[in-house]
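# Breakdown of the fold
One letter stands for each residue in the lines below.
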Amino acid sequence: MSALDVQDFIQQNRATAQQAETFRGYWESDKHWEARREFILRNMSDFEADRLDHLLSLSMVWANNVFMGCRYSAALLEKVKEMADGIMVEDAPVFKTRDEIIKSQQVGCLGNASTFNSL
């Protein structure tokens, strides 16, 4: 679903769209909410009404991973990424793990040491 598809869906399914709006957290920016709303709308039909809390939890896992870099089990991340396939988030932050940062610093230090030793 592209942004245009989401708007078309909202116009054609007012009751569902109004229900989805009730799931927005007061802390969510428009950008954050629009992406999470798309996740919810894409997957809402796959969940019974009494299981919507599960969908909302999955939407928060996905949004927290994308926007804040939160880490979860590989199986859970695989599931939410599959559910979010095709959702485009512009200017999403890029996060590095501690190990990635340390490794890049070590490579930089090693490069400087070898340069120093060759003098």
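Residues numbered from 1 in each chain as written. Predicted model: local features only at pLDDT ≥ 70, side-chain atom pairs only at ≥ 80, totals over all residues. Heavy atoms only, no water.

If you look the protein chain up in an unreviewed UniProt entry, it shows as CDKN2A interacting protein N-terminal like from Xiphophorus maculatus. Word for word, the UniProt comment on the protein chain under Sequence similarities (unreviewed entry) is "Belongs to the CARF family." (UniProt positions renumbered as here; feature names shortened; annotations may be inferred.)

## Notes on the packing of helix 2 (residues 14-21) against helix 3 (residues 30-43)
Packing of helix 2 against helix 3 leaves a shortest axis separation of 10 Å and a crossing angle of 125°. Taken as axis vectors, helix 2 and helix 3 run oblique relative to one another. As helix 2 runs across helix 3, the sense of the crossing is right-handed. Where helix 2 abuts helix 3, its residues Thr16, Ala20 and Glu21 lie against Trp33, Arg37 and Leu41. (Axes fitted to C-alpha atoms, helices over the stretch in contact; angles between N-to-C directions. Helix = DSSP H or I, 4+ residues; strand = E, 2+ residues; numbered from the N terminus. Parallel < 35°, antiparallel > 145°, perpendicular 65-115°, else oblique. Left-handed = near helix turned anticlockwise from the far one by under 90°. Contact = heavy atoms within 4.5 Å.)

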